[in-house]
Structures are given as structure tokens and as C-alpha cells.
Amino acid sequence: MSQEDPAGENYRTTVKRNRVLHWSWESKLPLECAAHFIRMRSMVDDARIPKPGFWSNWSSWEEADAQNSLGHDPLLVFPKDKLVEEGSNVTICYVSRIHRDNISCYLEGVQIYGEQLDRSVSAFELKNVSFIRKRGTNVFCKVDQGGALGGIVLFVSKVLEEPKDFSCETQDLKTLTCTWDPGSDTGLSKQPSQSYTLFESFSGKKTLCKHRNWCNWQVAQDSQETYNFTLVAENYLRKRSVSILFNLTQRVHPMTPYNLFPKNVGATNATMTWKVHSIGNNSTLLCQLELLAEGKVIQQHNVSIKVNGEYLLSELEPDTEYVARVRCAYTNHFWKWSELISQKFNTAEAAPSEAPDVWRNMKMVSGHPTVSLFWKPLSKVHANGKILFYNVIVENLDKPSRLEVLSIPAPTRSTELTLDQCSYQIHVTAHNSVGPSPASVIVISGDPGNEEVESGRVNGTEDGFSVSWKPQSGDATGYVVEWCDGPQDLPCALQWKNLGPNTTSTVISSGAFRPGVRYNFRIYEISAKRMAHLLEKKAGYLEELAPSDNPQVVMSNLTSHSFTLSWKDYSTESQPGFIQGYHVYLKPKAGEQCPPAFEKTVLPEDSLCCKHTIDNPEQKTFVVENLQPESVYEFFVTAYTSVGEGPLDAFTKITTLDEYSHILIRIILPMIFCVLIVMIICYLKHQWLKEKCYPDIPDPYKSSVLSLIKSKENPHLTIMNINDCVPDAIEVINKPEGSKIQFLGTRKSLTETEFTKPAYIYLLPTEKNYSGPGPCICFENFTYNQAASDFASCGHFPVTPQAPPHQLGPLTSPENLLKALEQNYMNSLGEIPAGEANLNYVSQLASSTSGDKDSLPTNPPEPALCSEYKMQMVIPLGLASAPPSENSSLSSTTLLGQGEHYR
Amino acid sequence: MRAQRMRRTPLSVILGLLFLSMAATSKCLGKYHELLLQLRRQADLMQDTSTLLDPYIRIQGLDTPGLKEHCRECPGAFPSEDALRGLSRQGFLRTLNATLGLVLHRLTALYQDLPEAQQLVGLNIRGFRSNIHCMSLLLRSSSEAETPEPTQPGPGPTPPPTPPSDAFQHKLKSCRFLRGYHCFMHSVGQVLREWGESRSRSRSRRHSPRRAPGDTAPSGPCRGGARRMWPFRRDRRLMPRGHLPR
């Protein structure tokens, strides 16, 4: 028994005669840090001596001083390698032999402060020390500025825990296995991990356990049934123990069953067999057989066995993977199930149990009804195995014919059939390795008929589309709702839903449905003949959105007061919501009121605007009226749905016309058109006009002068007849400049011909180019000058034979003509010097057959021999007339062009 | 730092196993230069404090200010670099072998404190000693007439480990011993590197020694101490015939 007080500790005990007393005591302060003293006294403790007794005197103090044996290290720290439990209080001290004050002490690098006991000794109390590492906590003291170092390692052990969950069991009634939870490991460098000892009180046996958490105990052969075990955990600092008392047969934990196998596995049943390790003699085990499918226990059976177990599992699904597992327990006294043993197995396949869900889509291809057949894959429950192929049997209902059978390998889920106008019954069956499924029958009429029905609308909700319909006939055997999962512009992934005959509504839901996409639903009624008739069409949006784009507006019919807007290309079907109408925005010029059909509104950017609402989505034109002439307007058209209108785009500017411009346009344009027509006509008929209005050589017969002459009855003035003159030749010398000459016969300009030399012109055929009988023609032209007639005579212009016909010169100017005549008279018979002649001659030939040049005969009139022609020319009055000579008697005025000899 | 150590550990394992396999097959490399290069690389690996000293300091809790500074090499615990240079090649190898034998023995005592690292370093040392043996054979075959030379005394203050007086002193001593070991291996690496340089000098007669690319000496674990580069005794006779550079 010990007792503490601030001054020291007292220890009291009873001693007996001849017995040596040992008192082991541990000072809180290490002995090396301070001298310790002890003294003792005694008193008689005997019943025969009346109490109270008397204490003896104290003995003298005995000193225990460890400082003398410390060695010569300059700085020492104590206690060395002390082992304590976590949470203890520890006093350490240092002894310095260098007697300096600058000594600091640290616990794991953190400075600690203590009490100086004397000049060279200081003590530090570490409270509630904690476990840091197995290699101990470093405490050291050192003289500052790199001096001596002293230190200790304080080994702080975790507190030894009482073993938890201590239990013992046997698998074979021969060996007991005791297990427990050891808790924290208290092992340190200074201290090994705690040890465990198993002690059985009835037998008095004990065993040192080799493992931290379990220990085996051999069951005695003497049929000991009851056991009282004590487990003792121990380390250097502490012992902990825990006990259990049990009956051996109540602690039987059978070993795991083995050899679990399926036997005679069919499509819907299988037999499981397994074995167990025997326990003792003739012991019975209760085994539990569990059947799992997809991780869930679907069957559980208890079977009592001795060694071999067997159980028939039934009600299994074909072609399904199952897991069977077995565990067993001791039947006499249930203690624990054994560990489980598991085994996978697959049931055999069976024929598909359900007909495939078939639907069709009909269309006309090249005039033939084409049926696209779709079917859904059978669920695993109904497929009963791997579907290998689908059989499609087509039977003509209108006329007996051979059945057409198509075998379509899985996993194809559609096919296309081209039929004629007959009705067909189509059977579809799914086949696995065992056999076919029941047939799915659908009847298709060759004449699809007019299945157009009115479209309705359907509202979308979070759950999908709630579609309802009205039955038409009472003999419907079912309904099918058909739709496409994707938007309209994508290829249709045809979906359908079969519904019973008494159903008139359903909710169509799909993960593919998206907001702002228009979905079209068709409801078909399936008749008793298995034919489908379109019942209703519905369209809807899962969630309507505002239009994403605005109509492309075309402006037309612009006047001073109105213009027309149209957006006929805007498709209301492909919008993200049902188009309810359109808003026409108009920005009038500043200060102007809105037109009557518009109302004022404020745009999002806070600008005022006029707005007209069209509540008919099919009205795609609008006339903006009552506008001011010559004014700038801005317009913008947007569609709206129940959610809102389209995005606010840029306005389009337009300026109305002024008030009179349209009138001007109505007058000026026709006038310009008429003038243009006249001009075109004039251009096309200019020759005719020329003939009529300003001919080059007027027709003497048509001349007004003629009538004048006739009226005066002047017998001397007559029109020359062609027979009156004998044709002759006229020689004309052209001047070298590129002048123009008009050929009367051809009316061709010879401007192309540049004359660089004086040239002679054959006006009448010479011996070479004319073979007529007489070379003499006379001219008379009353239209030029009346005076000229007075001097009329048949002038002879000799033509130089050497002059080629193409060297003809212009004969246009009267002056030139006069000169030419002058020269002619002065130099007869071609004696005109080249380069000096400058004669222009204009003549007209009056044909006796026709006065119109255009109607001249193709064979020109041959001049009669020695006919008299009168030359008409402008001649000065003083010019003497030359007497006719042989060479220059009469002149011919015929111009010979290329390829044309006469005119 | 920790990640770096983690990266180095597998490398040391691989090299250790490589060296071990070489020792196990008891086949020595017949080529002097390859063997020398291997020895150098092994020395570089073994001077790396992350293989032994750093884990020890960390595990023992000596990585605190005030204690780190006291984990210094004990003078005289291992042969100095100068002393190693002063030895002939055979003497150097013998000294190296003996010192590493003592280190191995001491490391065995440290097993409780540093079980994993001790095991790896033990493998390295055994592989290194195997190569020392091979080099010794190679040198001996080239110079049968070499006079025996006394072995440089191994680490004097590394007698068989005695039970430590207290755990704190034991920690510090072991720490100093490990630092001394790494320093020693650094010196060994330097000396081995000069073996190659001596060959280059003997051939080219140049003033400054050249190092082969990639054959740079890693920074050593020892602080201070100027390293003389060339006090080594030339002993060209020790070069094995047929393998020496000409």
C-alpha cells in the first residue's frame, strides 16, 4: 500500500518474523536528477497487545544518489528510454555539467519549459503524453548556439485494449478456433506487441497464441462439452483479459459445402447437387439453397442432409443465367451458417413465347403499294433464347396463290414488300434454336384508299404526349399510335404503340422527345380483319418555343400610300411551336401617327413602333396602307407562337413614292413605247419612205411639174421616152479624192472605192461590154432646172476604152458636171488630161415600162438604136453646145457595176 | 522530396536486382571499362541519401530542427577520400570490400529500425561487392607481380554493434553512421571516376581531365572537404592486358 504527499511518499506494510521486506518504488522525478532519501519506523501489530500501540523512532535518512554515476557528458537528460502509456504524465530533467543558463529543451522539436531544481538541474513535466511513433518520442536539450546535446527517447505506448468480440467455435468438433478483435497494436521499439494467452479453466490448460486475433484449441478427447476460456492480452505495462463460457455443440460452425453443380438443366428446371463435410457421427446439417437471378434471390429452399445434398429447382426461365448458392448449419444447435458456395448455370432455350410486335408503313412506289414492315425485338423474357431469324409469310387474300416466305436474319428489324392491288395477310414469326414464336398477323389492303383525316393538336407534358381519340367503329380489336422520334427533317425512326380495343387514350413518352420539335402522331384503328385504318392525326410539341427565325418578307406594289408585304415561303410546319399569327411592325417617320390598322407599341429597345397583329397563320400577305407619300418607313414581320414571337431582327427601310410619279409613269411610258415603235418602223421601212418622200431621183411621171406642164399645154416640154434616144457612151473622169458616187442602177455607195488616180467611167457599153446595135441614149430631167432643157442636146461623152469600169468617179456635184462637160467639149475623144478632169454626172433614166426603180425589170430595156436622149444637166447659160461628132455624138448614162451591166 | 524518393526506390530495386543477378551468375564482365562504369554507377547510387539516410531520419523523428545538425559524419569512421586515393587499385578494392562488409553487418543491426530500406541497400552492397571482386580479378590477371599492399583499415569506430546505452544515442550514432556511409560511397565514386581520368591523361597528356558524357559525378552527401582531383598514384601496370586502352 502506498500513499503520496507533497513532501514524499509513505509506505506501510506488515512484516513477519524472518521475512525480508522488498519495496519497489519508482520516483516521479528521475533518481539521476536529485538525491532521494528514505527512513523507516515500526510498531507492533499484535492482537494480544492493546491498541493503540506506539511507533518507534525514525531511523536516520538513507540517501540514494545516482548523480555520482552519470559519467562525464556535459549535458544529460533523464529518464532514459522510459516506457509509458499514452496519456501519462512524465517528468524529465536534465543535468548540466557546464553550468550554463542557455540550455533549451525540446519535445519533438517544440521547446518545453520546466523548473530549475538547482544550478545544474532542471525538471520538466510532460502531461498527457501521446503516441507519436513506434521509434519513440525524441526529447532533447541543447546548449544554444550549437553546443552540447543531450536527449532521451520517451517510448509512449498505446493503451492496451481489452480484446473485443471474443468467441470460439468449431467446424468439426475436434478443434476450437477462438477469434477476437485485438484493438490497437502497442508494439514499440522498446516493447513488443501485446501477447495473447488462452486459458481454459475447466481443464486448466493454456496456450500462447501465435496470432494477434485468433488461436486454435484442440478439443480434448474426454468429451468435454463445456469450456470456460479466458483470453489474456499483455504487454510490458498492462494486462487485459476477457472470458467466455460455452457448450461445444452449440458452437458448431460447419465448413463450407463443396462440389456444388447443376444437373439435368432444362429450359425451366435444374437439379443442384453438393456435398458437406461431416461433423461427428451421423450429424445432420441444414442446408439452404438459394437461387439468384440478376443478383437477386428469387428462390430459397432448405434441405436437411448428412453428406450429399440434392434439390430440383423449377419454374426457371429459359435461356437465363442463374446463380445457385448453398450454405449449411449444424442442425442440433444452430450457431452459424457456413460460408456460401456459389455456382452459375444457364437454363436451356425454349421457343419464343410471344409474337413479335409488328407494324407497317405503306407508300406507293412507281404505282405499286410498298409496305415497310417493322417489328420490335422480343424481350428476353419472351425470346427464350437468341433469336436467329424472322419469318415473314405473305398471303394473298384476294386470289389463291403460293405463299411467299421471307426469312430475315436477326437482328434486322424491318423489311420491305412490294405488293399489287390485292389484299394481303402478313404473318411474322421470330425463331430461335428451338422453334418459332406465335405469329403476328397484319392485313394490308392493296387499295390504301383515301385515308386523309383532319389533323388535331396534342399537348405535351413532362410525362410525354397525352394522345386521345374517338373510336369510329365498334368492332375495333385495338389501336396503334404511330409517330417518329426525330424531327420532321430527319429520317423517320418509326415508333408505334399497341393499345387495347377499349383504350381511347394513352401517354406517349420517349427519351428522344425534345422541346421545340413538332411530333406528328397517327392513330390507327385495327379492325377485326386485322386491317389498320387511319383514325386521327395529331401534332404537338413537348414544349412549344418561340419561333427561331422570322419570315423572309418580299415587298411589292409600292405606291405613294401603300405597299404589300408577303412571306409565302414561310413554313409554319417546321417551327418550334404552333404559329398563331404574325406581327407586322412599322416604324413611321418621326412624329407621324400609326396607320389605322396598327397600334402603338414599344420595342424591347424602348423605341416606339406601330404593330399590326395577324391572327391567321395562313395569311402570309399584308398591305400596309394609308402611308404618306415620299416618306421613309421601316417594317419588320415576325411570327408568334403561344410562347412568344420570333427574334427581333433588323427593320427594312422603304420610301413611298411621290404622289404624281405614278401618273407620269402611266403617261410617259406608253408614249415612249409608241415613239419607239415608230422609230423601229421607220428604220425597217426607211427605203420605202425614202422612195416616197425624198427619192434620190424623182420620178418624172410623178412629178407635180408634169401636171403643171400639162396644164400650160406646152408642147415642147415632154418627158423623154427611152426610144427617142440612141444610147452612147459617156466618159467620166473622176477626181482623185475619195468622193462618193451614187450608182443609179444599184443604189450602192462606192465610198469603199478610193480613187487615187483619175479614172474613166464607162457610162455606156463600149465595144467590149456592150454588143447592142446602137450606142446612143438621151436624158432629160425636168426636176433640176427648166433652163437646162433649152440647151438640151444629146451630148456625147466618149469613154476611154482603156479605163476599167471600176475606176468610176463620183458624179454628184453639178459644178463638177459642168466642168466635165466643159472639158468634154474642149477635149473631145478622150483628150482630157489625166488628173485634171473633175466631172460629176447625174442622170436619170426614164423607163418606158415602169417609173418605180424598185420594180425595174430584171432585163433592162435595151436602148433603141440611135434613140434620142436628152441630157439634163445644169449648164451655164453661156456654154456653147458642141456639134455632135462620130466619137462623141450621144452619151449613155448607164453605170456598169460589178456583175451588173445595165440598169 | 518524398515523391522523388518514391521514384528512386524502384530504380534502386531494379539496379540492385541487376547487380544481384550478376553476382548470382558468378560471371564477371571481362571488359575493364564496362566494369569500371558499373562500379561508378553503383557508387553513385549508393551515395544517394534518399536510399537510406533520409528514410532513417524520417522514421526516427530526427528531421526536426536541432537534431538534424547533429547527424554529421564521424571523422575517421570511414576511410577518407584522400586515404582512398593513396591506395593502389588493388588496395583500394580490398579496402572497399572490407568496409562494405562492415557496413553490411551494421545494417543488419539496423533492420529493426529501417526494415525495407535496409533490405534494398543490402542488395546493392552485395552487388557492388560482387563487382569489386570482378574488378579485383581483372586487375590481378593483368598484374601478377604486384606486391601485396596492406588494406587500409576499415571504419575503425565500426566494431560489431554493441547494445546501445540508450535509444537517443543509438539514433544519433546510426544516423551518423549512415551519413558516413553515403559520404564514403561518394568518395569511392570520385576515386573510381579518376581511374577513368587517369587513362585519359595517360593517353592524351592533356592538362584537364575529361569526363565521358553522362558520367558526371553527382553532388555528394558530405559537406565541406576540398577534394583533390589528382593525387592518385599511377599504376599502369595494374591495367589488364588486352583490355587496357592503348
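Parameters at a glance
Residues numbered from 1 in each chain as written. Chains lettered and ligands numbered in written order. Predicted model: local features only at pLDDT ≥ 70, side-chain atom pairs only at ≥ 80, totals over all residues. Heavy atoms only, no water. UniProt positions renumbered as here; feature names shortened; annotations may be inferred. Axes fitted to C-alpha atoms, helices over the stretch in contact; angles between N-to-C directions. Helix = DSSP H or I, 4+ residues; strand = E, 2+ residues; numbered from the N terminus. Parallel < 35°, antiparallel > 145°, perpendicular 65-115°, else oblique. Left-handed = near helix turned anticlockwise from the far one by under 90°. Contact = heavy atoms within 4.5 Å. Nonpolar A, V, L, I, M, F, W, Y, C, P; charged D, E, K, R; others polar. Pairing = 2+ DSSP bridges. Buried area = accessible area lost by both parts, 1.4 Å probe. Salt bridge = Lys/Arg side-chain N within 4 Å of Asp/Glu carboxyl O. Polar contact = N/O pair within 3.5 Å; in protein donor to acceptor, adjacent residues only side chain to side chain. Buried < 20%, exposed > 50% of the residue type's maximum accessible area, 1.4 Å probe, protein only. Disulfide = S-S within 2.5 Å.

Going by an unreviewed UniProt entry, chain B carries the name Oncostatin-M and comes from Balaenoptera acutorostrata. The UniProt entry for chain B carries the following text under Sequence similarities (unreviewed entry): "Belongs to the LIF/OSM family."

Chain A has the name Oncostatin-M-specific receptor subunit beta isoform X2 in an unreviewed UniProt entry, where Balaenoptera acutorostrata is given as its organism. UniProt, in the comment section headed Subcellular location (unreviewed entry), describes chain A in these words: "Membrane". Under the UniProt heading Sequence similarities (unreviewed entry), the entry covering chain A gives this text: "Belongs to the type I cytokine receptor family. Type 2 subfamily."

**With respect to the packing of helix α2 (residues 32-46) of chain B against helix α6 (residues 115-142) of chain B**
All names here are of chain B. In the contact formed by α2 and α6, the axes pass within 10 Å of each other and the chain directions differ by 150°. In terms of their interaxial angle, α2 and α6 are classed as roughly antiparallel. Between α2 and α6 lies a crossing whose hand is left-handed. Contacts from Y32, L35, L36, Q38, L39, Q42, A43, L45 and M46 of α2 reach α6 at N124, I125, G127, F128, N131, I132, C134, M135, L138 and L139. For the contact of α2 with α6, the class distribution of residues is 14 nonpolar, five polar and no charged.

**Here's the deal with the sheet that holds strand β33 (residues 424-431) of chain A**
All names here are of chain A. In space, the four strands of this open sheet follow the order β31-β30-β33-β34, with antiparallel pairing throughout. Each having just a single partner strand, β31 (404-409) and β34 (440-444) make up the two edges of the open sheet. The sheet shows a mean angle of 20° between the axes of neighbouring strands, direction not considered. For β33 and β34, the ladder comprises five bridges, and the chain directions are antiparallel. Within the sheet, the bridge partner assigned to V428 lies in β34 and is S440.

**Focus on the interface of chain B and chain A**
With 20 residues of chain B at the interface, the matching set in chain A holds 18 residues. Between chain B and chain A, roughly 1300 Å² of surface is buried when both sides are summed, and carbon and sulfur atoms account for 57% of that area. Ionic pairing is found between B:D166 and A:K80, a salt bridge with its closest N-O pair at 3.8 Å. Linking chain B to chain A there are five residue pairs in polar contact (both at pLDDT 80 or more). Within the residue set of the side of chain B that touches chain A, elements represented by two or more residues are α3 (53-60) and α7 (167-204) of chain B. Per element, the largest residue contribution to the side of chain B that touches chain A is four residues, and it comes from α7(B). Considered class by class, the residues forming the side of chain B that touches chain A number nine nonpolar, seven polar and four charged.

**A word on the pairing of strand β8 (residues 103-107) of chain A**
Residues and elements named next belong to chain A. A large share of β8 lies buried, amounting to four of its five residues. Here three bridges tie β8 to strand β9 (residues 110-112), and the two strands are oriented antiparallel to one another. When the bridges of β9 are listed, L107 appears paired with V110.

**As for the state of the cysteines**
Disulfide: a covalent bond formed between the sulfur atoms of two cysteine residues. All names here are of chain A. This model, assessed by the stated rule, comprises seven disulfides over all chains. There is a disulfide in this structure between C33 and C93, and the S-S distance comes to 1.0 Å. Taken together, the residues span a long stretch of sequence, with C33 in the loop between β2 (8-11) and β3 (36-38) and C93 in strand β7 (residues 90-96) at a distance of 60 residues. Here C33 matches C93 in class, with each residue buried. Here C209 is linked by a disulfide to C215, with a sulfur-sulfur distance of 2.3 Å. Sign of the S-S torsion, about -100° for the bond between C209 and C215, identifies this disulfide as left-handed. The exposure classification of C209 matches that of C215, with both residues buried.

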